[in-house]
Amino acid sequence: VIEEEKPDVTVLKVIRTTDSVREARNAVKNGAEIVVARGAQASSIKTYTDIPLAEIRMTGQEMGLLVQKAKRLLQKKCPIITVIGYENMYGDMSYFDEIFSIILKTHFIKSQEEIRGAVENAVSCGTDLIIGGDTVNELSRQHSIPTLFIESTEDSIRNAIRMAKRMGFMAEIEKRHIAQFETLLDTTRSGIIKIDRSKKITIANKMVGEIIGGKIKELKGKKIEEVIPELKSYLLDSVLGGQRDTVSTSVKVGNTPVMV
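Residues numbered from 1 in each chain as written. Predicted model: local features only at pLDDT ≥ 70, side-chain atom pairs only at ≥ 80, totals over all residues. Heavy atoms only, no water.

Novice: I keep staring at the sheet that holds strand β4 (residues 103–109) and nothing clicks. Help me out?
Specialist: Strand order in the open sheet made by the four strands is β4-β3-β5-β6, with parallel pairing throughout. Two strands close off the open sheet at either side, each with one partner strand: β4 and β6 (147–149). Mean inter-strand twist for the sheet, computed between neighbouring axes without regard to direction, equals 20 degrees. Summarising the sheet, strand β5 (residues 129–132) and β6 pair through three bridges and their orientation is parallel. The partner of G132 across the bridge, within β6, is F149. Against the sheet, helix α6 (residues 115–124) makes contact with β3 (80–86), β4 and β5, and its axis sits at roughly 160 degrees relative to β4, the strand it touches most. (Pairing = 2+ DSSP bridges. Helix = DSSP H or I, 4+ residues; strand = E, 2+ residues; numbered from the N terminus. Axes fitted to C-alpha atoms, helices over the stretch in contact; angles between N-to-C directions. Contact = heavy atoms within 4.5 Å.)

Structure representation (structure tokens):
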């Protein structure tokens, strides 16, 4: 798929799930801009980093092929099949019961620690077969329950790579927009600071550096109250909370009086 799609792949690596966050950060250090991952690895990277992520998500067709394989294996008229895994791995399976004449149960987990309980619950509910990853398969075999591994085919991998390429394209456009915006900011004689909802500074122009007497790079990520201590928090809260569109007040930054 990679040969056909020709993405600019910096790192292609099989890793342990427990190492996913560290490996993703290392990949970014080595030049990667987007990470492609699946299941538990994708969930960990999304939870513990802000790295752009394209998830490998099983298509309905791939899941349909697995269910057909399960039915051939079980040789039952209407078997109970249980899918266990992270919800971000699966496409829509809403009509599988009708299409394949099965009883489909899903147990979506949020951490590896929940897998054992999900498997035991499926066993107690009388499931005939369990579909899941390595850990799910291993625990299912301990209960002598037939199991199938959720193996991605070309479809889901191709979709994820195409998604990553689209994300990369949009990121390039965003970079150009930001560069143009920052150029515009630096030509004005007004000091301009942009903050996010948590009041952290995301952008500050050169004039702000002149007013406060500091380096602009050092401002990014700081709370606005650290930079302008006289600025009343309740005024910002009223704008961020939607009670007002704008506020105007005078403060001192060092020895310089300014209007904010």
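Here the narrative resumes, following the displayed structure.
Novice: Where do I start with the nonpolar core in this structure?
Specialist: Across soluble globular proteins, you tend to see nonpolar side chains buried next to one another. Residues M63, I81, I84, Y90, F96 and I131 are the most contacted members of the largest nonpolar core, which totals 31 residues. Elements that contribute at least two residues to this core include exactly α4 (60–74), β3, α5 (96–100), β4, α6, β5 and α7 (134–142). Tallying contributions element by element places α4 first for this core, with five residues. Each residue touching Y90, except ones within four places of it in the same chain, is listed here: R57, M58, M63, V83, I84, G85, F108 and I150. Core analysis: the next-biggest nonpolar cluster, separate from the first, contains 12 residues, V227, L231, V251 and V258 among them. (Core = buried A, V, L, I, M, F, W, Y, C linked by side-chain atoms within 4.5 Å. Buried < 20%, exposed > 50% of the residue type's maximum accessible area, 1.4 Å probe, protein only.)

Novice: What is the right way to look at the pattern of salt bridges in this model?
Specialist: Working definition: two side chains of opposite charge can pair if their charged atoms are close together. Tallied over the full model, the rule gives 13 salt bridges. We note a salt bridge from R158 to E154, for which the minimum N-O separation is 2.9 Å. Residue R158 and its partner E154 are located together in helix α8 (residues 154–186), separated by four residues, close to a single helical turn. The partly exposed category is assigned to E154, whose relative accessible area is 47%. Linked through salt bridges whose partners overlap, the residues forming this network are E4, E5, E154, R158, R162 and K165. (Salt bridge = Lys/Arg side-chain N within 4 Å of Asp/Glu carboxyl O.)

Purely spatial values, then, with no claim about function.
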